[in-house]
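Observations on chain architecture
Given next are the chains, with one letter for each unit.
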Amino acid sequence: MAFSLCGKSSSDAEAAKVLLAAKFAGVDISFKRDSKSTDINLRGDGFEQKGNSTQLAVHVAKAGAGDWYAANPTVDQWIVFSETTLEVAAKKMISALDGEGGASGFQAAKDELLSVLGKMESLLNGSTFLCGDEPTLADVVCVCALLNVFKKVIDPAMREGLPATTRWFAACIEQPTVKEFLGNVVLCAKPASQKSSGGDKQAKTKAAQAPKEKKGEQAGSKESKLGLSTGKSEDFGQWYSEVVTRGEMIEYYDVSGCYILRPWAYAVWEFIKDFFDAEIKKRGCENAYFPCFVSEKALTTEKDHVEGFAPEVAWVTRSGKSELENPIAVRPTSETIMYPCFSKWIKSHRDLPLKINQWCNVVRWEFKHPTPFIRSREFLWQEGHTAYATVEEADEEALAYLELYKQVYESLLCVPVIKGVKSEKEKFAGAYYTTTVEAFVPGTGRGIQGGTSHCLGTNFSKMFDIQYEDDKGEKRFAWQNSFGLTTRTIGVMIMNHGDDKGLVLPPRVAPVQVVIVPIFFRDSRDALIAKAEEMVTKLKAAGIRAKADLRENYNPGWKYNHWELKGVPIRLELGPRDLSADVSVSVRRDTGAKATLEQGTLAEGVRQLLDTMQSELLERARADLDSNVAKITEWKDFVPALDSKKLVLVPWCEETEVEEWIKENSVGDGGGAKSLCIPFDQPPMPEGQRCIASDKPAKRWTLFGRSY
């Protein structure tokens with residue numbers, strides 16, 4: 001039997017549902033577009049029916065000659081659930097999005113949708129599709145029912161709370177047959193907001209009075225939906241989510257807390273990796289690779305260590321359908337993986353020092369507010385593990401690697417950090433002591449741990465029997481260190497330098513340092529392209545990463561916005577007049593400052609701009625940090641300073657009970673304050689100074705703050 005379907009569009013969710021059912025069932029169907037139609041209309045031999053798309057899809061599927069749609073209670077249950085529950089909630093939500101019911105109606109519709117999706121989440125059984133490993137009519141009707149809300153309402157945060165549903169939806173829309181009708185479905189990227197009602201005269205008046213868009217930059221931005229919709233100071237969390245996605249740094253993934261690092265972000269990590277790798281090799285550190293799995297026996301060898309990581313450890317308990325006799329953990333860190341080998345490799349003082357580093361990923365099943373780069377369940381890092389004969393060597397090396405972390409932040413990323421030592425409460429589980437570099441995020445007033453270097457003492461060497469024979473023939477336990485730096489570095493950089501236009505990348509880690517944008521005009525196209533390519537060649541020869549944007553399907557304004565969003569440090573504009581004058585106009589990403597550069601000294605001029613931008617980014621960030629560290633001595637000033645988005649430097653007695661009291665009694669919108677570090681650079685302590693939160697003598701000035 002052949003059918004014909006009439007409707008507004010073949011990609012409309014209602015029509016697509018019927019067309020997909022026919023396609024999967026092998027039924028011949030044609031589509032006729034009628035832009036004035038309000039309902040879909042299905043016709044066949046002696047059959048005609050309007051309206052209910054689910055019932056029409058069932059009718060078409062039943063007409064198939066094969067067994068794609070056969071009697072299946074599970075399929076039918078999902079179809080009923082879609083028709084009576086999913087579709088109802090989804091349509092209410094879309095109507096509310098368009099202004100129906102006001103603010104209260106919008107919230108009620110959203111609550112109902114989340115409730116329905118929560119029920120769906122609980123019904124999914126882990127298979128790829130609703131009823132097994134192949135799509136059925138149930139998948140067709142449900143995915144079409146939810147199509148518009150996934151596109152307009154279900155933002156990344158909501159998807160993280162619906163991992164099974166999101167995974168199923170993604171699997172459906174990636175099916176070639178589904179793509180044929182729905183195209184590439186773009187999921188909602190930000191929280192949905194209700195449209196204002198059509199009767200809002202004030203809004204109409206404002207719109208009428210607003211200046212008309214100029215051709216070029218504004219029009220290009222609107223047409224391609226470039227730019228950010230949320231300001232950094234308006235809603236920092238939403239701004240950050242937009243800037244990392246629209247700036248092409250990450251892509252969200254269907255496993256909550258895991259993210260895809262796109263090439264633009266990975267290139268930044270490679271610059272960090274190349275710098276640090278070269279520096280640690282100068283110190284005799286060698287790279288190796290160890291397995292990502294660790295046995296339960298090895299992981300639990302060091303009691304304090306495993307207790308510190310226990311809530312975050314991910315366990316593999318099954319292979320296929322068989323339960324493993326002995327579960328294995330996915331590494332949260334590698335001390336317990338590496339140190340059994342250290343015990344084999346170290347026998348004599350001649351085997352020391354041993355310095356091993358690995359670049360790898362680790363998994364920590366974090367449940368607190370996943371944030372790209374900042375807090376995720378899987379991340380990339382380097383972890384160094386070393387062994388020495390003496391504590392003096394261990395102390396010296398711990399500080400040496402910490403200094404390299406400071407250089408990563410300040411010399412590469414233009415983010416100032418404070419070096420110090422962690423409190424007993426905050427030190428690495430099982431460590432003798434932990435040193436750290438702490439950064440600051442002005443947009444939130446929070447501190448953030450940038451990188452840590454630990455002296456492990458002989459704690460782990462005793463647990464794993466890492467002994468050596470000294471030059472007198474006596475057995476001794478090795479002193480050990482470990483140190484690690486993660487892709488969190490990228491997030492800290494973005495949070496510090498990004499603005500309302502997007503990313504701002506420090507020149508030393510920018511994948512592209514200079515972008516050349518020719519401004520085509522009449523018959524100058526070929527000459528401008530030739531000059532732009534010549535400029536790229538000249539800049540690359542000088543060691544500058546340059547690119548010419550020669551795309552002709554985008555206007556110059558669109559290109560300006562695009563590269564600003566991606567944070568490219570310098571833009572060179574090249575128009576017909578510039579061509580005639582043998583110059584180009586430079587624009588700095590961070591300040592917007594323009595300058596005219598002679599073509600004869602182009603490389604020198606660009607290099608100077610890049611160096612100036614690198615140093616000024618650090619200067620501005622350091623000024624932000626310095627102005628947001630409040631030095632106080634009385635408790636009454638402690639919480640107000642935190643509420644003003646500042647860190648506080650206070651005299652402290654260094655007792656864990658007092659630290660816990662401070663955290664409990666400083667709770668605000670951003671949580672309680674904890675000790676970030678005891679800075680190495682200590683101001684003079686007044687004689688007789690008491691602790692900020694107790695009547696006990698203060699030992700050292702300590703940096704406290706709300707933190708990530």
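First things first, this report covers the structure right here in the doc. (Residues numbered from 1 in each chain as written. Predicted model: local features only at pLDDT ≥ 70, side-chain atom pairs only at ≥ 80, totals over all residues. Heavy atoms only, no water.)

**A closer look at the overall build of the chain**
From N to C terminus, the chain includes 24 helices and 27 strands. Its C-alpha atoms give the chain principal-axis dimensions of roughly 100 × 75 × 55 Å. Out of the 708 residues belonging to the chain, those deemed buried represent 51%. If you take every contact in the chain between residues at least 6 apart in sequence, the share linking residues at least 24 apart comes to 71%. A distance of 4 Å separates the average location of the 90 positive side-chain charges in the chain from that of its 98 negative side-chain charges. (Helix = DSSP H or I, 4+ residues; strand = E, 2+ residues; numbered from the N terminus. Buried < 20%, exposed > 50% of the residue type's maximum accessible area, 1.4 Å probe, protein only. Contact = heavy atoms within 4.5 Å. Lys, Arg positive; Asp, Glu negative; His and termini not counted. Charge placed at Lys NZ, Arg CZ, Asp CG, Glu CD.)

**Some remarks on the sheet that holds strand β7 (residues 286–287)**
What the eleven strands build is an open sheet, ordered β7-β11-β12-β18-β15-β14-β13-β26-β27-β25-β24; its pairing is mixed. Each edge of the sheet is formed by a strand with only one pairing partner; in this case those strands are β7 and β24 (629–631). Pairing between strand β26 (residues 674–679) and strand β27 (residues 700–705): three bridges, direction antiparallel. Each residue of the ladder has a partner; that of Ser 675, found in β27, is Phe 704. This element, helix α15 (residues 335–345), spans β11 (354–363), β12 (378–388), β15 (446–457) and β18 (479–486) of the sheet and lies at about 25° to β12. (Pairing = 2+ DSSP bridges. Axes fitted to C-alpha atoms, helices over the stretch in contact; angles between N-to-C directions.)

**Thoughts on the pairing of strand β23 (residues 594–598)**
For strand β22 (residues 583–588) and β23, the ladder comprises five bridges, and the chain directions are antiparallel. Within β23, the position partnered with Ser 586 by the bridge is Ala 595. Here β22 folds back onto β23, and the loop between the two strands holds five residues, one of which, Gly 592, carries a positive phi near 80°.

**What to know about unusual backbone geometry**
Residue Leu 352 is joined to Pro 353 through a cis peptide bond whose omega torsion reads -5°. Considering the arrangement of structural elements, one finds Pro 353 in the loop between α15 and β11. For Glu 248, which is not glycine, the phi torsion reads 65° and is therefore positive. Assignment of secondary structure puts Glu 248 in the loop between α11 (236–246) and β5 (250–252). Overall, Glu 248 belongs to the partly exposed group, its relative accessible area being 25%. Despite not being glycine, Glu 654 has its phi angle at roughly 65°, a positive value. In this fold, Glu 654 is placed in the loop between β25 (647–652) and α24 (656–664).

**Details of the pairing of β15**
Where burial is concerned, most of β15 is hidden: ten out of the twelve residues are buried. The pairing of strand β14 (residues 433–441) with β15 spans nine bridges and is classified as antiparallel. When the sheet's bridge partners are listed, Thr 436 is paired in β15 with Thr 452. Linking two consecutive strands that pair antiparallel, namely β14 and β15, is a turn of four residues; a positive phi of about 75° is found at Gly 445 within it. Two elements, β15 and β18, share five bridges in a ladder whose sense is antiparallel. Residue pairing across strands places Cys 455 opposite Asn 481, the latter belonging to β18.

**Details of the pattern of salt bridges**
Evaluation of the coordinates by the stated rule reveals 38 salt bridges. We note a salt bridge from Asp 695 to Arg 690, for which the minimum N-O separation is 3.7 Å. Taking the relative accessible area as the measure of exposure, Asp 695 reaches 60% and is therefore exposed. What makes Arg 690 partly exposed here is its relative accessible area of 36%. Sharing partners across several salt bridges, the network here consists of Arg 283, Lys 355, Glu 396 and Glu 397. (Salt bridge = Lys/Arg side-chain N within 4 Å of Asp/Glu carboxyl O.)

**Comments concerning the packing of aromatic side chains**
Using the criterion set out here, one finds 24 aromatic pairs in the structure. Arranged with centres 3.7 Å apart and planes meeting at 10°, the rings of Tyr 554 and Trp 558 form a pair that is stacked. You can call Tyr 554 partly exposed: its relative accessible area is 28%. Each member of the aromatic cluster is reached from another via a ring pair, and the members are Phe 290, Tyr 339, Phe 342, Trp 345, Phe 460 and Phe 464. We note Lys 273 situated over the ring of Trp 359; from NZ or CZ to the ring centre the distance is 5.3 Å. (Phe/Tyr/Trp six-rings, centres within 6.5 Å; stacked < 30°, edge-to-face > 60°. Lys NZ or Arg CZ within 6 Å of the ring centre and 35° of its normal.)

**Things to note about the environment of Asp 637**
Here Asp 637 is to be found in the loop between β24 and α23 (638–643). Overall, Asp 637 belongs to the partly exposed group, its relative accessible area being 30%. Distance from Asp 637 to Ile 692, taken between C-alpha atoms, is 9.9 Å for residues 55 residues apart in sequence. A polar atom in the side chain of Asp 637 sits 3.2 Å from the side chain of Lys 636. (Polar contact = N/O pair within 3.5 Å; in protein donor to acceptor, adjacent residues only side chain to side chain.)

**Side note on the side chain of Thr 230**
If you trace the backbone, Thr 230 turns up in the loop between α10 (217–224) and α11. A polar atom in the side chain of Thr 230 sits 3.1 Å from the side chain of Glu 242. Ignoring anything within four residues of it in the chain, the contact list for Thr 230 reads Asp 235, Gln 238, Trp 239 and Glu 242.

**Digging into the nonpolar core**
In this structure, Leu 42, Leu 137, Leu 146, Val 149, Trp 168 and Phe 169 are the most contacted members of the largest nonpolar core, which totals 69 residues. Elements with a minimum of two residues in this core: β1 (2–7), α1 (13–25), α2 (53–62), α3 (73–97), α4 (102–123), α5 (137–152), α7 (163–173) and α8 (176–182). With 58 residues, the next largest nonpolar core counts Val 268, Val 512, Val 515 and Val 568 among its residues. (Core = buried A, V, L, I, M, F, W, Y, C linked by side-chain atoms within 4.5 Å.)

**With respect to the environment of Leu 610**
Summarising the element assignment, Leu 610 is placed in helix α22 (residues 602–627). The class for Leu 610 is buried, based on a relative accessible area of 1%. Along the sequence, Leu 610 and Val 514 sit 96 residues apart, while their C-alpha atoms lie 9.1 Å from each other.

**Observations concerning helix α18 (residues 488–497)**
Taking burial as the measure, the ten residues of α18 include ten buried ones, the bulk of the element. Within the sequence span of α18, burial applies to Arg 488, Thr 489, Ile 490, Gly 491, Val 492, Met 493, Ile 494, Met 495, Asn 496 and His 497.

**Here's the deal with the state of the cysteines**
Considering all chains together, one arrives at zero disulfides under this definition. Unpaired in terms of disulfides, Cys 258 finds its nearest cysteine sulfur in Cys 292, a separation of 13 Å. (Disulfide = S-S within 2.5 Å.)

**Some points on the sheet that holds strand β9 (residues 314–319)**
Ordered by their spatial adjacency, three strands build an open sheet running β8-β10-β9, and the pairing between neighbours is antiparallel. Each edge of the open sheet carries a strand with a single partner, namely β8 (293–295) and β9. Within the sheet, the average angular offset between the axes of one strand and its neighbour, ignoring direction, is 45°. Bridge analysis of β9 against strand β10 (residues 322–330) gives five bridges, and the strand direction is antiparallel. Opposite Val 316, over in β10, you have Ile 328 as the bridge partner.

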